[in-house]
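Analysis of the macromolecular model
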Amino acid sequence: MTTYRNLIGGEWVVSTSARRFTNINPANTDDIIGEVPLATCAEAVAAVEAAAMAFQTWRKTPAPQRGAIVSRAAQIMSERREQIARVLTREEGKILTEARGELQRSINIAEFCGSQGRRLGGETIPLELADNFGYTFRQPLGVVALVTPWNFPVAIPVWKIAPALVSGNTVVFKPATLTPESAELIAQCFIDAGLPPGVLNIVFGSGAEVGTAIIDHPAVRAVSFTGSTEIGLGVYRQAAARGIRAQCEMGGKNPVIVMEDADLDLAVAGVANGAFGSTGQRCTATSRVILMHPVADAFLEKIVDSASKMRLGNGLEDGIDMGPSIDESQMSKVLEYIDVAKGEGAELLFGGQRASEGALSKGFFVQPTIFDRVRPEMRIHCEEVFGPVLSVIRVESFEEAMAVANSSEFGLTSSIYTRDMTRVFRYIDEIETGITHVNSPTLGGEAQMPFGGMKNTGIGPREQGSEVFNFYTETKAVYIDYTGAKREGKLY
Ligand code: NAD
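This section reports on the structure supplied with the text. (Residues numbered from 1 in each chain as written. Predicted model: local features only at pLDDT ≥ 70, side-chain atom pairs only at ≥ 80, totals over all residues. Heavy atoms only, no water.)

On a plain count of helices and strands, the chain comes out with 15 helices and 23 strands. Since a compact globule built from 492 residues should have a radius of gyration of about 23 Å, the 24 Å found for the chain is in line with a globular shape. C-alpha atoms of the chain, sized along the principal axes, occupy 80 × 60 × 40 Å. Here the chain, with 492 residues, has 57% of them falling under the buried criterion. The averaged location of the 58 negative side-chain charges in the chain is 6 Å from the averaged location of its 46 positive side-chain charges. (Helix = DSSP H or I, 4+ residues; strand = E, 2+ residues; numbered from the N terminus. Rg over C-alpha atoms; globule rule 2.2 N^0.38 Å. Buried < 20%, exposed > 50% of the residue type's maximum accessible area, 1.4 Å probe, protein only. Lys, Arg positive; Asp, Glu negative; His and termini not counted. Charge placed at Lys NZ, Arg CZ, Asp CG, Glu CD.)

Right, dumping it as structure tokens:
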């Protein structure tokens, strides 16, 4: 059994902590994968100090060279894709094809960020003063703290680590405790690509303890967090109290609108993928489908049929469509929401129970679940479930569909299925989400496109795309006076 180690100052070191967390395969609890010691605050501080020391040299390394190391890490990730994907499936539970997709996305992100090392420029700006030259350039912030969730244990760390490093920052990375091996393997790709010691550090442990210790350390200049809304808002407050930058990507309650002219088979496939793919444990999962009344019954007949054909099981085996919840507490949370929805009067169309036939009894499986006649005021419509549960809301008009879609505190992603271009453009203009799709699922995001949400989902500059470098750098404004004369007149 593996014991995971912290990465501090270029060395993988076993924690001195006696407190341990067991890494278990959520599809089969007999499969114990490893043990992760929960680091002490002193170890968190040591990681920040190692990063602060490494920053002095790393910031002087030219950005194209930093980018070349990150591009090499992408290449190494590509060579290790299958190995890492299998580890990801074993510890997180998503099926192997989804894990491979996550690896590909991570490789794309690292490639994109690596290439940006050659483009990390500023601007030249005309000045009011004659014979004066004004320009801007970007500089790194210093040590940055990266805090990530378990549901994309490879892609989310990569989409934070890669731009942070290319920008010239050094990193203290606090991965989710539930997925330590994916974090370790990803860090190793960066190290094997030639990252100097101390530039990337990892501390495993409790978010409340080591996460807080890292963010509160005076050397830490920014925090990039992805996770739940409750924790993210706390991280944001903590960062604000220190006056450091924060970027928080949080929960979702993503809607799909299906209009009466939609291609129903396309819509059903997209909604089923969005709702039940990755067991609904994606921030971009489809959790609400808003159906125009004339197509509601036909749509529901098809999606129930699709859900009934899904094969649940260990994602490492062939022919499996859906894996388990990440752990027992997440499974219990999903089952509780199912009870709440029933209690509120939503109509259970399919699923609604733990799946425990045969080998499934060893894992944390919940049936794909569909609730019809959900109303916007119900908790199942408002709160993030993070499981394979789809709420159906029937509406009478496009205006009502938009009002329901926007009646959420979250604003991550959304989609509409229709052939009517007038409606498409109105929808794009009015939908209150940071990402939106037309005639495709609520999922995904390409490396070169900004990722992130509006409202209660996103705080700070967006992740991915070239905007992300705005978060990881600060812009210095430079005035060069080549008149050689004392300045008269304008002095402000
Ligand atoms: P979580 O908020 O419980 O934990 C996220 C990370 O924060 C973990 O590493 C955790 O240890 C750490 N943490 C916990 N308490 C902390 C504290 N007080 N200070 C600092 N760090 C702390 O989230 P989770 O259960 O791991 O992940 C699921 C959530 O992530 C869902 O809400 C999902 O929507 C969200 N998510 C959002 C996006 C996005 O881009 N918007 C992407 C993926 C996941």
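Quick look at the sheet that holds strand E6 (residues 124-125) now. With antiparallel pairing, the three strands of this open sheet are ordered in space as E6-E7-E23. Looking along the sheet, the strands with just one partner apiece sit at the ends: E6 and strand E23 (473-481). Here strand E7 (residues 132-140) pairs with E23 via nine bridges, running antiparallel. Bridging across to E23, Tyr 135 finds its partner in Val 478. (Pairing = 2+ DSSP bridges.)

Tallying each qualifying case throughout the model produces zero disulfides. Of the cysteine sulfurs around Cys 41, a residue in no disulfide, the closest is that of Cys 248, at 20 Å. Residue class for Cys 41 comes out partly exposed when judged on its relative accessible area of 37%. (Disulfide = S-S within 2.5 Å.)

This part covers the nonpolar core. Ranked by internal contacts, the top residues of the largest apolar core, which has 65 residues, are Leu 165, Phe 190 and Leu 200. With 57 residues, the next largest nonpolar core counts Met 259, Ile 303, Met 310 and Val 374 among its residues. (Core = buried A, V, L, I, M, F, W, Y, C linked by side-chain atoms within 4.5 Å.)

For the rest of this paragraph, the subject is the sheet that holds strand E4 (residues 20-24). Strand order in the open sheet formed by three strands is E1-E5-E4, and the pairing between neighbours is mixed. Since the sheet does not close on itself, it has two edges, and those belong to strand E1 (2-3) and E4, each with one partner.

The buried fraction of strand E14 (residues 286-292) amounts to seven of the seven residues, a majority that puts the element mostly inside the structure. By the bridge criterion, five bridges tie strand E13 (residues 254-258) to E14 in an arrangement that is parallel. Counted as the bridge partner of Val 258 is Leu 291 from E14. Remark: the E13/helix H9 (residues 264-276)/E14 crossover connection has right-handed handedness. Sheet topology note: the E14/strand E17 (residues 389-395) ladder contains five bridges and is parallel. If you follow Arg 288 over to E17, its bridge partner there is Ser 391. (Right-handed = clockwise from strand over helix to strand, strands pointing away.)

Tracing the chain through its elements places Asn 132 in strand E7. By relative accessible area, which is 11% here, Asn 132 ends up buried. Once the C-alpha coordinates of Asn 132 and Glu 49 are considered, the two residues, 83 residues apart in sequence, prove to be 41 Å apart. Contact partners of Asn 132, with chain neighbours within four places excluded, come to Leu 127, Ile 480, Asp 481, Tyr 482, Thr 483 and Arg 487. At 2.9 Å, the side chain of Asn 132 forms a polar contact with the backbone oxygen of Ala 130. (Contact = heavy atoms within 4.5 Å. Polar contact = N/O pair within 3.5 Å; in protein donor to acceptor, adjacent residues only side chain to side chain.)

Take the packing of helix H3 (residues 81-92) against helix H4 (residues 96-116) next. Between H3 and H4, the least distance of the axes is 8 Å, while the angle of their chain directions is 125°. Overall, the two elements H3 and H4 adopt an arrangement that is oblique. Crossing hand, H3 versus H4: right-handed. Between H3 and H4, the contacting residues are Arg 81, Glu 82, Ile 84, Ala 85, Arg 86, Leu 88 and Thr 89 on the first element and Leu 96, Ala 99, Arg 100, Glu 102, Leu 103, Gln 104 and Ile 107 on the second. A breakdown of the residues in the contact of H3 with H4 according to their chemical character gives seven nonpolar, two polar and five charged. (Axes fitted to C-alpha atoms, helices over the stretch in contact; angles between N-to-C directions. Parallel < 35°, antiparallel > 145°, perpendicular 65-115°, else oblique. Left-handed = near helix turned anticlockwise from the far one by under 90°. Nonpolar A, V, L, I, M, F, W, Y, C, P; charged D, E, K, R; others polar.)

It is worth spelling out the pattern of salt bridges at this point. Scanning all chains against the criterion turns up 21 salt bridges. Of the charged contacts in the structure, one is a salt bridge between Glu 347 and Arg 373, with a shortest N-O distance of 3.7 Å. With Glu 347 in strand E15 (residues 347-350) and Arg 373 in the loop between strand E16 (369-372) and helix H12 (379-382), this pair connects stretches of sequence that are 26 residues apart. On the basis of relative accessible area, Glu 347 is assigned to the partly exposed category, the value being 36%. Judged by its relative accessible area of 41%, Arg 373 falls in the partly exposed class. One salt bridge connects Arg 426 with Glu 399, and the closest N-O pair in it is separated by 3.2 Å. Of this pair, Arg 426 sits in helix H14 (residues 421-430) while Glu 399 sits in helix H13 (residues 398-405), placing them 27 residues apart in sequence. (Salt bridge = Lys/Arg side-chain N within 4 Å of Asp/Glu carboxyl O.)

Despite not being glycine, Asp 131 has its phi angle at roughly 55°, a positive value. We note that Phe 386 has phi near 60°; this positive angle belongs to a residue other than glycine.

With respect to the element layout, Ile 435 can be found in the loop between H14 and strand E20 (437-438). When the C-alpha positions of Ile 435 and Asn 23 are compared, they lie 33 Å apart, and in sequence the two are 412 residues distant. The residues contacting Ile 435, other than those within four sequence positions of it, are Leu 412, Thr 413, Ser 414, Phe 451, Gly 452 and Arg 462.

Since one α-helical turn is 3.6 residues long, residues separated by three or four positions face the same way. If you check which residues of H13 are buried, you get Phe 398, Ala 401, Met 402, Val 404 and Ala 405. Considered in projection along H13, the buried side chains sweep an arc of 165° and stay on one side of the axis. Check the buried side of H13 and you find it contacts E13, E14, H12, E17, strand E19 (415-417) and H14. (Arc of directions from axis to C-beta.)

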